[in-house]
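Each chain is listed here by its residues.
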Amino acid sequence: MAEADVAIVGGGAGGTLVAIQLLRQARAPSSIVLVERGERVARGIAYSTADPDHLLNVPAGKMSALPDVPDHFARWACTSDAAFVARGRYGEYLEQTLRESIARAPRGVSFQIFRSTATSACLVERGVRLTLVPHGHLDVRAAVIALGNFPTVDPAVEDGGLYASDRYARSPFLPGALDGIDPDADVVFLGSGLTMVDAALAFRERGHRGRLQAISRHGLVPQVHGPARPSRTRIGAIGVRGLLRALRTEVARGGDWRAIFDGFRSSTQRIWQRLPPAERERFLRHLRAYWDVHRHRMAPRVGEAIAAMRASGQLSIRAGRIASFALEPDSAVVRFWPRGSRDLIEMSAARVINCTGPAASIEEACSSLVSSLLSAGLARPGSLGMGFATDRDGALLGSSGGRLFTLGSLRRGDLWESTAIPELREQARALASRIVGSSLREIDQLRVHASS
Ligand SMILES: Cc1cc2nc3c(=O)[nH]c(=O)nc-3n(C[C@H](O)[C@H](O)[C@H](O)COP(=O)(O)OP(=O)(O)OC[C@H]3O[C@@H](n4cnc5c(N)ncnc54)[C@H](O)[C@@H]3O)c2cc1C
């Protein structure tokens, strides 16, 4: 059995940012283990793409891994703050920043990467025992759960055997999801957000000639980033109404709504936390689709490529609701109700690709580690069942006694705005300083009390 002071479970961008912060803040002697089930750290789905057309959707000036060095990434990439760099490059940057942090860590601070899947957690005298496959048990004083997004869920409709067939891909990011399709065949995407944009660009890169048809509830496509122009409109009362008023004023003045939206970003978490649960639900039901396409925008070059594909007729976007699927010998059949119509429409496709993005609910996490944390009472669901309930620094609310922490999309219910690098790096810094500053000491005191 292995032992360490802190384990980080999940070596995507979030876990890597925590590792970087722990290495920078740790006092010797201490040991840190990063547990990642995949081949590479610092990638996750977002930054493992090698497609040069898959660009960051946040400008370089806002993507630094280090909150106290805002231009760290732009300087590393030798580019301007306003540039949109390829996502694969960002993965390289994160990995290199991690390596540099390991090299610069104080003597006596050790760091290891375990290629393993964490399948469960329980409390033991030392702190937390993680079960790792294939490593066995790892006992740590504190653990950070950085699992990122949950897998996509299938639409809850009659699927006629589609989901079990090779005519369906649960996500465009799965190995082989886009392979083996006749270049002239039609493809249907479920969803029309940034995941669909990635998939459409990947088909374009492969020289696909067939039609690409996307269906989503509202038929909305992400907006495009514009040049950063400061706004003259001030947001008065902070709240959803204040935001809407400011947006209208800005647009009426001929200004750019993007500046208002971006200026509002630092207040989003506070506003979300003040909304009663019923209001949060209303937001998710009625406004979320509109929020997502304005808040998570495409890089200008990506926007141009998507506009050209739509103008040529290769890519079409339809608003509607899936009714059912069926399988024919040589195609998949998609039946859907166009928005506002009662006439069922049928489309055939060589493959149906689910681009609806990650599952929102922790009940749908499909992770034995998450199930074990919930069933042992070490964690409980966050607001509206999204992620875990956490305190201000990301400690899980439950019976772990401050030994378990999380960040990123697993805090979505509590914070809403909690998935992109600008939020992740702040959370990583706060969490590392809490673990280094007080948690390890408090955990030791808990052990003294327990044994006396
Ligand atoms: C396609 C895409 C593009 C994006 N583009 C941007 C962007 O341009 N800018 C931006 O700021 N944000 C972007 N985002 C948001 C993105 O979610 C974050 O930037 C970041 O990648 C999230 O990192 P994470 O570590 O929380 O999750 P993930 O990247 O999902 O990493 C989680 C890691 O945990 C590992 N893991 C899971 N379960 C276990 C287990 N049981 N045991 C061991 N390991 C486990 C996984 O293998 C994975 O490596 C994008 C997201 C996506 C999906």
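Right, let's walk through the structure included here. (Residues numbered from 1 in each chain as written. Predicted model: local features only at pLDDT ≥ 70, side-chain atom pairs only at ≥ 80, totals over all residues. Heavy atoms only, no water.)

Digging into the overall build of the protein chain
The criterion, for reference: Secondary structure is summarised from DSSP: a helix means a run of H or I of at least four residues, a strand means a run of E of at least two, and numbering begins at the N terminus for each. When accessible area is computed with a 1.4 Å probe and restricted to protein chains, residues below 20% of their type maximum are described as buried, those above 50% as exposed, and intermediate ones as partly exposed. Two residues form a contact once any of their heavy atoms are found within 4.5 Å. To measure how exposed things are, a 1.4 Å probe is used in the Shrake-Rupley method; for residues, cover is taken only from the protein chains shown. By the counting rule applied here, Lys and Arg register as positive and Asp and Glu as negative, while His and the ends of each chain are not counted. Charge positions are represented by NZ for Lys, CZ for Arg, CG for Asp and CD for Glu.
The number of helices and strands found in the protein chain is 12 helices and 14 strands. Counting only C-alpha atoms and orienting by the principal axes, one finds that the protein chain spans roughly 70 × 55 × 45 Å. When each of the 452 residues of the protein chain is scored for burial, the buried share is 54%. Within the protein chain, residue pairs in contact and separated by at least 24 positions form 69% of the contacts whose partners lie at least 6 positions apart. Counting every atom, the protein chain has about 20,700 Å² of accessible surface; 50% of that belongs to carbon and sulfur. Side chains of the protein chain give 58 positive and 45 negative charges; the mean places of these two sets differ by 7 Å.

Some words on the packing of aromatic side chains
Formally: Only centres within 6.5 Å qualify two rings of Phe, Tyr or Trp (six-membered ring in Trp) as a pair; their planes then separate them into stacked at under 30 degrees, edge-to-face at over 60, and tilted for everything else.
Taken as a whole and assessed by the stated rule, the structure comprises 13 aromatic pairs. Centre to centre, the rings of Y47 and Y90 are 4.9 Å apart; their planes meet at 55°, and the pair counts as tilted. Residue Y47 is located in helix α2 (residues 44-47), and its partner Y90 is located in helix α4 (residues 87-104); the two are separated by 43 residues in the primary sequence. Of the residues examined, Y47 reaches a relative accessible area of 11% and is grouped as buried. Judged by its relative accessible area of 0%, Y90 falls in the buried class. Chaining the aromatic ring pairs together yields one cluster made of Y47, F73, W76, Y90 and Y93.

Thoughts on the sheet that holds strand β11 (residues 331-338)
In plain terms, the rule: Paired strands, as defined in this entry, are two strands with at least two bridges between them according to DSSP. Each axis is a line fitted through C-alpha atoms, taken for helices only over the stretch in contact, and angles between the N-to-C directions span 0 to 180 degrees.
A sheet is described by the order of its strands in space; here seven strands give the open sequence β7-β13-β8-β9-β10-β11-β12, paired in mixed fashion. The sheet is open, and its two borders are formed by β7 (168-169) and β12 (345-349), each paired with just one other strand. With eight bridges connecting them, strand β10 (residues 315-328) and β11 associate as antiparallel partners. Its bridge partner lying in β11, G320 is registered against P338. The sheet strands contacting helix α5 (residues 194-205) are β8 (187-190), β9 (212-216), β10 and β13 (351-354), and the helix crosses β8 at an angle near 160°.

Focus on the environment of F203
Within the secondary structure layout, F203 lies in helix α5. Put simply, F203 and L56 are 147 residues apart on the chain and 18 Å apart in space, counted from C-alpha to C-alpha. In this structure, F203 is in contact with L178, I181, V187, F189, H208, L212 and I353, ignoring residues within four places of it in sequence.

Re the site of the ligand
Here is the rule: Here, proximity means that at least one heavy atom of the residue falls within 4 Å of the molecule or strand. Any pair of nitrogen or oxygen atoms within 3.5 Å is treated as a polar contact; in protein, a donor-acceptor pairing is required on top of that, and neighbouring residues in sequence qualify only through side-chain atoms on both sides. Think of it as three bins: nonpolar holds Ala, Val, Leu, Ile, Met, Phe, Trp, Tyr, Cys and Pro, charged holds Asp, Glu, Lys and Arg, and polar takes everything else, Gly as well.
Within the structure, the ligand sits among 32 residues, and G14, E36, Y47, N57 and I421 are positioned closest to it. Within the side chain of R37, a nitrogen or oxygen atom sits 3.1 Å from an oxygen atom of the ligand. At 3.0 Å from a nitrogen atom of the ligand is found a main-chain nitrogen or oxygen belonging to A118. Out of a free accessible area of 990 Å², the ligand has 88% covered by protein chains. If you list the elements that add at least two residues to the shell around the ligand, you get α1 (13-25), β2 (30-36), α2, β4 (117-124) and α12 (421-451). Across the shell around the ligand, the residue classes break down as 16 nonpolar, 12 polar and four charged.

Considerations on the pattern of salt bridges
Where side chains of opposite charge bring their charged atoms close, a pairing between them can arise. Note the cut-off: Each salt bridge in this description consists of a side-chain nitrogen of Lys or Arg and a carboxyl oxygen of Asp or Glu lying within 4 Å of one another.
The tally for this structure, following the rule as stated, stands at 24 salt bridges. Via salt bridges that share partners, E3, D5, R126 and R141 belong to a single interconnected network.

Concerning unusual backbone geometry
With omega at -5°, the peptide bond leading from A28 into P29 counts as cis. Positionally, P29 belongs in the loop between α1 and β2. The linkage connecting V133 with the following residue, P134, adopts the cis geometry, with an omega of 15°. In this fold, P134 is placed in the loop between β5 (127-133) and β6 (136-145). In this structure, A42 takes a positive phi of about 70° despite not being glycine. One can find A42 in the loop between β2 and α2. You can call A42 buried: its relative accessible area is 0%.

Quick look at the nonpolar core
Definition in use: Nine residue types can take part in a nonpolar core, namely buried Ala, Val, Leu, Ile, Met, Phe, Trp, Tyr and Cys, and a core is a set of them joined through side-chain atoms within 4.5 Å.
Counting 45 residues, the largest nonpolar core has I8, L22, F73 and Y90 as its most contacted members. Those elements giving two or more residues to this core turn out to be β1 (2-9), α1, β2, α3 (72-76), α4, β3 (109-115), β6 and α12. Of all hydrophobic cores here, the second largest spans 31 residues; its members include A86, A177, A185 and L212.

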